[in-house]
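# Remarks on the overall topology
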Amino acid sequence: MNQSFNSLDSSDSFNAPGGWGAGGADDPDGRFMVEALKCARAGLEEDEVPVGAVVVYGGRIIGRGYNQREKLADPTAHAEMLAITAAAQARGTWHLEECTIYVTLEPCVMCAGAIVLARIERLVYGAPDPKAGACGSLYNVPTDRRLNHRLEVIGGVLAEQAGGLLTDFFRKQRKLGKK
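To start, this report covers the structure provided alongside it.

Membership of the largest hydrophobic core comes to 47 residues, with the highest contact counts inside it found for Ile84, Ile101, Tyr102 and Leu123. At the level of secondary structure, the elements contributing two or more residues to this core comprise α2 (28-45), β1 (52-57), β2 (60-66), α4 (79-91), β3 (99-105), α5 (109-117), β4 (122-127) and α6 (159-175). Here this core takes eight residues from α2, the largest share from any one element. Contact partners of Leu123, with chain neighbours within four places excluded, come to Ile101, Val103, Pro107, Ile115, Cys135, Pro142, Leu151, Glu152, Val153 and Ile154.

So, in structure tokens, the structure goes:
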């Protein structure tokens, strides 16, 4: 990620249509989802699918990411994977206990697996993904009792804003004749 993106501060303002999360401006889930939406918009500026993620520890953002599959020519360069890597580097360990990850779109199987393997405590996502979602839509990886770690999953936080970014992006792509 570029330096200016990494330097975004969690106090940066953002006026999301429809306000903050369900609990208002004091709702930490809504506040951190706004930060994930900022990440998604950074990806949108680079013509990437607009999905953003932030990892929070102790009330502070320690990792940010947005989709960079096209830029990096890497099928694993999803927002969640990049945010988890940044958070692990910030903490100096891959064990991300006591962390929450905020993602604008319900994670896929790969990302849900990485979230479980990183031992993240909570997942908060915006829009559901009926075609690839692995946190309740198609599969439920984070709460699968067969795995050695399970986490709390909260969906639908600022779902309208997150889903709107994706809908607008894909509508534009279809108009341009892109897949």
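So, next bit.
Under the counting rule described, the total for this entry stands at two aromatic pairs. Plain terms: the ring middles of Phe32 and Tyr102 are 5.4 Å apart, the flat faces sit at 40° to each other, and that makes the pair tilted. A residue pair is termed long-range when its members are at least 10 positions apart, and Phe32 in helix α2 and Tyr102 in strand β3 qualify at 70 residues. Just as Phe32 is buried, Tyr102 falls in that class too. Taken together, a centroid distance of 5.1 Å and an interplanar angle of 75° make the contact between Phe169 and Phe170 edge-to-face. Residue class for Phe169 comes out buried when judged on its relative accessible area of 6%. For Phe170, a relative accessible area of 33% corresponds to the partly exposed category.

Attention shifts here to α4. Between its first and last C-alpha atoms α4 spans 18 Å; for 13 residues at 1.5 Å apiece the expected length is 18 Å, and the two agree. Buried within α4 we find Ala79, Glu80, Ala83, Ile84, Ala87 and Ala88. Along the axis of α4, the buried positions cluster into a sector of 155°, meaning they face one direction only. Against β1, β2, β3 and α5 lie the buried residues of α4. Looking one or two places after α4, you find Gly92, whose phi comes out positive at around 75°.

Reading the values: the criteria
- Residues numbered from 1 in each chain as written.
- Predicted model: local features only at pLDDT ≥ 70, side-chain atom pairs only at ≥ 80, totals over all residues.
- Heavy atoms only, no water.
- Core = buried A, V, L, I, M, F, W, Y, C linked by side-chain atoms within 4.5 Å.
- Buried < 20%, exposed > 50% of the residue type's maximum accessible area, 1.4 Å probe, protein only.
- Helix = DSSP H or I, 4+ residues; strand = E, 2+ residues; numbered from the N terminus.
- Contact = heavy atoms within 4.5 Å.
- Phe/Tyr/Trp six-rings, centres within 6.5 Å; stacked < 30°, edge-to-face > 60°.
- Expected span 1.5 Å × (residues − 1).
- Arc of directions from axis to C-beta.

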